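Here's the letter readout for the chains.
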There are 2 protein chains.
Amino acid sequence: MELADYGSLFLTPKSVAFVGVPRKSGPGALNPVDNLRRWGYEGRIQLVHPHVHEIAGLPVVPKVSALSDPVDLAVISTPRETIPGIIRECGRKGIRAVIVTIQGFAEADSRGKELQDRMLDEASKFGIRILGPNTLGITNAFHRIDTSFMPSVREEVPIGLICQSGVFFVGVTQLIGGMGIGVDIGNDCDVGIADALEWLGQDQRLGVIAVHAEEIREGKRFIEVAEKVSRRIPVVALKTGRSDAGARAAASHTGSMAAEDRIVDAVFKKAGVIRVNETQDQVDLVRGFARLPPMRGPRVGVVTLSGAGGIIFLDSMEKYGLKPSKLHQQSLNGIQSLSPDWMRLGNPIDIWPAVMKHGMRKAFSTALKDTLSDPNVDGVICINLAMPEAEQKHLGAEKVIQELSDRFDKPVVVWVYGSHPEEVVKQLDTRGRALTVPSMEAGVRILGTMARYEKWKTSLV
Amino acid sequence: MELADYGSLFLTPKSVAFVGVPRKSGPGALNPVDNLRRWGYEGRIQLVHPHVHEIAGLPVVPKVSALSDPVDLAVISTPRETIPGIIRECGRKGIRAVIVTIQGFAEADSRGKELQDRMLDEASKFGIRILGPNTLGITNAFHRIDTSFMPSVREEVPIGLICQSGVFFVGVTQLIGGMGIGVDIGNDCDVGIADALEWLGQDQRLGVIAVHAEEIREGKRFIEVAEKVSRRIPVVALKTGRSDAGARAAASHTGSMAAEDRIVDAVFKKAGVIRVNETQDQVDLVRGFARLPPMRGPRVGVVTLSGAGGIIFLDSMEKYGLKPSKLHQQSLNGIQSLSPDWMRLGNPIDIWPAVMKHGMRKAFSTALKDTLSDPNVDGVICINLAMPEAEQKHLGAEKVIQELSDRFDKPVVVWVYGSHPEEVVKQLDTRGRALTVPSMEAGVRILGTMARYEKWKTSLV
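What you see is a predicted model, and the numbers here were worked out from it, not measured in a lab.

1. Some details on the overall build of chain A
The number of helices and strands found in chain A is 19 helices and 20 strands. Overall, the C-alpha framework of chain A stretches about 85 × 45 × 40 Å when taken along its three principal axes. Counting all 461 residues of chain A, 59% fall into the buried class. Considering only contacts within chain A whose residues lie at least 6 apart along the sequence, 71% involve residues at least 24 apart.

In structure tokens:
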């Protein structure tokens, strides 16, 4: 079978068998069948358990050989000693894609290492590919499938995720910013980052791929695949185990071997992969790439409600490789005419005095529209106030931002501040193309990285 | 009058007069009287307006001379040309503390500079001290006063704030993490950072002071005051205008003169002030200092639900000057006995396999209690899951964390991840002494900075 065919079995199976599923279902049981039902998976679900006849309302067979054909994907969660034998049974049954979820293999002790090797031996006899062990498996919101036993958030967003730990599946909101398709390679005993990257890189529904890796195996193949993918969509990678202590811990987490960190840097650079060093950067960048149009240059227009904010933006623009646009005079005329006589406007455009004279909507829409229209502007950063509901009617610019960000093909990031930001952030994130950011500096970092990626991409042509 | 007496007039006035208050009140009017009422200010409020007799239900007099004595604090928001004259009227009336809120002075143009100088001349004739211009004024949650016209969040928290921009008052949640007492020095024409620091540094209800500065004037006096304050409580400062473009913008925002950034570094270092370079660091650190007991050394115990998380913690511990505690064997015995045989536990303590066998509460409380009890541990970082409500009953450790963090005099930071974090974060932030953090790395950065501050403080003894 071709690699792509295995990709279909793992990511869009028509029939799934769970071997070693919990007897109970409902809250607290952590039964993966509950997740599949919640999602509305439309394929066939079969269950294997030696001692019970029904789980979660579904019939159960006592062993793999008793399953009805065909089974595209088997998800195994039985004790570690049983795994090589069950892989053999799967092979005989014609199953070619297997996820081994449980822990206790190469990451644990010598017996675990031995069992992992035996499991791979059995698999190779039948042409089986194994994802894991020590994994939550896969998730595909577009196919409404999820093999994880942990309840989590899945949405049809253009974000792919490849990781070596369940924490990225469960904490996807905090660590990635969303996930449409995810592959947890766990111990990475067979299906690896390069394989998953090849599968996900071909999916036209994805606009960005996030990678969490504790080891980059098969460096040469990784570079080949990652470069090809990066030419189409950005790959944002968090490689952990940078520190000595972290590298030692990675060995006992997924059995990973540490490489010198500067080698990882070189590999990523060659492949066009965007490296991040902290999780907050990863979630910010992935959200930015998933939502915003390209940042085609380093020139930023800043629409601010605060002079101090403008200065903070300028400080971080220098740090992250951006510069304030030289605005055409006509782009400033509108907002200048709304401002007090003593005000000399520049970029950052401090619109607060105009807001005090003419109200938020008028000042904000004038400044934002003229800035977005200026050919010297590649992207825009702005600030929006969030007040209690009664005040927000007078002080909120979210509708203006939504309308204008949809009308221009330039990225717009918005930092929201004030006493009641939740509703405003939610409204901006739900509609329109503007992106809310957790801090002023995060907004700059996102646009700066997007500009750098675009420059790299164009340099290849 | 002594400096401290002026401090009382500005921060705990028994009687306030607003000169140039808006005619309207209610949502959209941005009338400071609405804020004072919402707060329940118990002092006397008087209003001055030339054309109306009643505003927001309060009687209005036409000029300053018609106010009833005594007036501790006057808040002036009339057009800039009128300000020097009104200052003179205030002087004749015996008012000694004045806030000038409006913009258009030294930051704006030469006429503004001239008016600022004339205003200061008038003030000096009467021994008046001026806060501003270009300021939201002061806020004191303990005295239930707020001179700002912007609606915002005020709480009796042990956090002081000194800033040069209203964005820090209005965005206090996003930029500082709360504010009990705040002073916006605006253009810093008279009352400056050192003055405000002297006032706030004496307040025993405060446990940390945040500073936002575009310029450090009177370097020598600043060092004297800041060092004295820093010996008692930490001062966390964000000095903006680091970049060339930022420094130029600061000149037109508050009329600030830029100093070379390495001089600012040296001044802060000498004064024991903790410098931050991004707003997210400031909010994280201020929250940490305000809530957590001292971090008395660099040794951290990590209780994690994820091996990958443990590695991320180790990577950032190296970066932020912390190290994993060498735990005594007896601190590991409890959790070891709950874990599978193949598991070899160390620090970070990966409790997930024990959770799978014995449930969240038992595994978490065993590991956290034993870690906090270990004399080699100066502080603890842990991870808590946040799931939909029905699952959270089985998977949440927030009660365990609350109880144990209250019982030990060591800082505990918690990173919450999962599909429904809002409720769990809120519960942890409302009760107990543990601190929730926005990312794993932020938790490490907070403890690392707290350890560095404690070391500096002890080195002075």
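Structure's up, so let's keep going.
2. Some points on the relation of the copies chain B and chain A
Of the two same-sequence chains, chain B is brought onto chain A (RMSD 0.0 Å, axial shift 0.0 Å) by a rotation of 180°. Those values place the two copies in the arrangement expected of a two-fold rotation axis. A shared binding surface is used by both copies, with 100% of the interface residues of chain B retained as interface residues in chain A.

3. Quick notes on the sheet that holds strand β3 (residues 54–55) of chain B
Residue and element names in this part refer to chain B. Ordered in space as β3-β4-β2-β1-β5-β6-β7, the 7 strands form an open sheet in which the pairing is mixed. Looking at strand neighbours, the two that pair on one side only are β3 and β7 (129–131), the edges of this open sheet. Where strand β1 (residues 15–19) and strand β5 (residues 73–76) come together, 4 bridges link them in parallel fashion. Each bridged residue has a counterpart across the sheet, and for A17 the counterpart in β5 is A74.

4. With respect to the confidence of the model for chain A
As a note on interpretation, predicted positions should not be read in detail where pLDDT is low. Residues of chain A with pLDDT of at least 70 account for 100%, and the chain-wide mean is 95. Across the assembled chains, the prediction reports ipTM 0.96 with pTM 0.96.

5. Considerations on the sheet that holds strand β7 (residues 129–131) of chain A
Residue and element names in this part refer to chain A. Spatial strand order, β3-β4-β2-β1-β5-β6-β7: 7 strands in an open sheet with mixed pairing. Every other strand in the sheet has two partners, leaving β3 (54–55) and β7 as the edge strands with one partner each. In this sheet, β7 lies alongside strand β6 (residues 97–100) in parallel orientation, the contact comprising 3 bridges. Across the sheet, residue V98 finds its bridge partner in β7, namely I130. Contacts from helix α1 (residues 3–11) reach β5 (73–76), β6 and β7, with the element oriented near 55° to β6.

6. Comments concerning unusual backbone geometry
Following D69(A), the chain continues to P70(A) via a peptide bond in cis, the omega torsion being -15°. Structurally, the position occupied by P70(A) is in the loop between β4 (58–61) and β5. Here the bond from N347(A) into P348(A) is cis, since omega is 5°, no more than 30 degrees from zero. The residue P348(A) is located in the loop between α13 (329–338) and β17 (349–350) in this model. Even without glycine at this site, E218(A) takes up a positive phi of about 45°. Among the structural elements, E218(A) can be located in the loop between β12 (208–213) and α8 (219–232). Phi is positive for L30(B), which is not a glycine, with a value near 50°. With respect to the element layout, L30(B) can be found in the loop between β1 and α2 (32–39).

7. Quick word on the interface of chain B and chain A
By convention, interface size is frequently given as the accessible area that disappears when the constituent parts associate. In this complex, chain B contributes 61 residues to the contact, which on the side of chain A involves 61 residues. With 9 residues, the single largest contributor to the side of chain B that touches chain A is helix α12 (residues 307–319) of chain B. In the side of chain B that touches chain A, the residues fall into 24 nonpolar, 27 polar and 10 charged.

8. Concerning the packing of helix α12 (residues 307–319) of chain A against helix α19 (residues 440–460) of chain A
All names here are of chain A. Between α12 and α19, whose axes approach to 9 Å, the crossing angle comes to 40°. Taken as axis vectors, α12 and α19 run oblique relative to one another. Note on packing geometry: the crossing formed by α12 with α19 is right-handed. Between α12 and α19, the residues in contact are G309, I312, F313, S316 and M317 and M440, E441 and V444, respectively. Class assignment of the residues belonging to the contact of α12 with α19 gives a composition of 5 nonpolar, 2 polar and 1 charged.

9. A look at the pairing of strand β11 (residues 181–184) of chain A
All names here are of chain A. Side chains I181 and V183 of β11 all project onto a buried face; the interleaved residues G182 and D184 project onto the opposite face, where all are buried too. When strand β8 (residues 138–140) meets β11, the two strands line up antiparallel, connected through 3 bridges. Following the sheet pairing, N140 is matched in β11 by I181. For strand β10 (residues 159–163) and β11, the ladder comprises 4 bridges, and the chain directions are parallel. In the strand pairing of β11, L161 is matched with G182.

10. Quick notes on helix α3 (residues 83–92) of chain B
All names here are of chain B. Within α3 the residues assigned to the buried category are I83, I86, I87 and C90. Down the axis of α3, the buried side of the element spans an arc of 105°, and every buried residue falls inside it. Tucked into the core, α3 has its buried residues touching β1, β5, β6 (97–100) and α4 (110–126). Downstream of α3 by one or two residues, G94 has phi in the positive range, about 90°.

11. Let's talk about the domain arrangement of chain A
As far as domains go, chain A holds domain 1 (1–132), domain 2 (152–291) and domain 3 (294–460). Here the C-alpha centroids of domain 1 of chain A and domain 3 of chain A sit 50 Å apart.

12. A short note on helix α8 (residues 219–232) of chain B
All names here are of chain B. Between its first and last C-alpha atoms α8 spans 20 Å; for 14 residues at 1.5 Å apiece the expected length is 20 Å, and the two agree. Taken as a whole, α8 has its buried residues at F222, I223, V225, A226, V229 and S230. On the buried face of α8, the contacting elements are α7 (193–201), β12 (208–213), β13 (235–239) and α10 (261–271).

13. Section: the packing of α3(B) against α4(B)
Residues and elements named next belong to chain B. For the pair α3 and α4, interaxial distance at closest approach is 8 Å and the crossing angle is 10°. The orientation of α3 with respect to α4, classified from their angle, is roughly parallel. Facing α3, whose interface residues are I83, P84, I87, R88 and G91, α4 presents L115, R118, M119, E122, A123, K125 and F126. Residues of the contact of α3 with α4, tallied by class, amount to 7 nonpolar, 1 polar and 4 charged.

14. What about the environment of M179(B)?
Residues and elements named next belong to chain B. Looking at where M179 falls in the secondary structure, it is placed in the loop between α6 (172–175) and β11 (181–184). Assessed through the 25 C-beta atoms surrounding it within 10 Å, M179 is described here as buried. On a C-alpha basis, the gap between M179 and G28 in space is 24 Å, while along the polypeptide they are 151 residues apart. Leave out the neighbours within four places in its chain, and M179 touches T139, R154, V157, I159, L161 and V172.

15. Structural notes on the pairing of β6(B)
Residues and elements named next belong to chain B. Residues of β6 alternate between two faces, with A97 and I99 on one and V98 and V100 on the opposite face, all of them buried. Here β5 runs beside β6; their pairing, made up of 4 bridges, is parallel. By the bridge assignment, A74 is partnered in β6 with V98. With respect to chirality, the unit in which β6 leads through α4 into the neighbouring parallel β7 is right-handed.

Rules and cut-offs
Residues numbered from 1 in each chain as written. Chains lettered and ligands numbered in written order. Predicted model: local features only at pLDDT ≥ 70, side-chain atom pairs only at ≥ 80, totals over all residues. Helix = DSSP H or I, 4+ residues; strand = E, 2+ residues; numbered from the N terminus. Buried ≥ 20, exposed ≤ 12 C-beta atoms within 10 Å, placed from the backbone. Contact = placed C-beta atoms within 7 Å. Least-squares fit on C-alpha atoms with pLDDT ≥ 70 in both. Pairing = 2+ DSSP bridges. pLDDT = per-residue confidence, 0-100. Axes fitted to C-alpha atoms, helices over the stretch in contact; angles between N-to-C directions. Nonpolar A, V, L, I, M, F, W, Y, C, P; charged D, E, K, R; others polar. Parallel < 35°, antiparallel > 145°, perpendicular 65-115°, else oblique. Left-handed = near helix turned anticlockwise from the far one by under 90°. Arc of directions from axis to C-beta. Domains from an automatic or database assignment. Expected span 1.5 Å × (residues − 1). Right-handed = clockwise from strand over helix to strand, strands pointing away.

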